[in-house]
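Descriptive analysis of the structure
The chain contents come next:
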Amino acid sequence: MTQNKNLLLLKVSLLLFATVTLGYGLVYLFIPEIYVKSTGSEPIPPSWIRWSGGILISLGIGAIMVYRNPGKQGIFVKMSAIGTLIVGLTNLYEVFFESVGSVWYAIPPAIVNLLLSALLWISLKQSKAILWNEGE
């Protein structure tokens, strides 16, 4: 029962991660101009944002693949937890130490990424036996 509960938390965390990365990735890849305009930033070439959209989409697809078969996938979950932690912290840094058009464009992603990182870290610890195949 406990292993099923731990696996459920892992799967929920991976689905949330996939949703966030695929959502941002699709926007960055196909309509980056809308994101730049909505933040009030200076115009930049869309290719600077599009390449990150492709990477985010690949991370989302990877999360779906791990969701379907989590065995021996601890390194992907750990990398995702570290990545979301770094993104959340850099968004907070932007709010407190850099001048931005509106802090509301940095605060929600910071909160989402920090909560997602916490979920991934907790599920990484709870699902250790599955993700690292301990006890074989």
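Attention here is on the structure that accompanies the text. Small disclaimer: the values here were computed from a predicted structure and weren't measured. (Residues numbered from 1 in each chain as written. Predicted model: local features only at pLDDT ≥ 70, side-chain atom pairs only at ≥ 80, totals over all residues. Heavy atoms only, no water.)

1. Digging into the overall build of the chain
A tally of regular secondary structure across the chain gives 6 helices and 0 strands. Beginning at the N terminus, the succession of helices and strands in the chain can be written as α-α-α-α-α-α. Overall size of the chain, expressed as C-alpha extent along the three principal axes, is 55 × 30 × 20 Å. The 136 residues of the chain split such that 30% are buried. Counting contacts in the chain only where the partners sit at least 6 residues apart, residues at least 24 apart contribute 72% of the total. One finds the centroid of the 9 positive side-chain charges in the chain at a distance of 14 Å from the centroid of its 6 negative side-chain charges. (Helix = DSSP H or I, 4+ residues; strand = E, 2+ residues; numbered from the N terminus. Buried < 20%, exposed > 50% of the residue type's maximum accessible area, 1.4 Å probe, protein only. Contact = heavy atoms within 4.5 Å. Lys, Arg positive; Asp, Glu negative; His and termini not counted. Charge placed at Lys NZ, Arg CZ, Asp CG, Glu CD.)

2. Some words on the packing of aromatic side chains
Using the criterion set out here, one finds 3 aromatic pairs in the structure. Note on Tyr24 and Tyr28: the rings are 5.7 Å apart at their centroids and 65° apart in plane angle, and the pair reads as edge-to-face. Remark: Tyr28 and Tyr24 occur in helix H1 (residues 2–30); sequence separation between them is 4 residues, near one turn of the helix. Look at Tyr28 and you get buried, because its relative accessible area is 14%. When the centroid spacing of 5.1 Å and the interplanar angle of 40° are considered together, the rings of Tyr93 and Phe97 count as tilted. With Tyr93 and Phe97 both in helix H4 (residues 74–97) and 4 residues apart, the pair spans about one turn of that helix. On the accessibility criterion, Tyr93 (45% relative accessible area) is partly exposed. For Phe97, a relative accessible area of 63% gives the class exposed. One Lys or Arg, Lys11, reaches over the ring of Tyr67 and ends 4.7 Å from the middle of that ring. (Phe/Tyr/Trp six-rings, centres within 6.5 Å; stacked < 30°, edge-to-face > 60°. Lys NZ or Arg CZ within 6 Å of the ring centre and 35° of its normal.)

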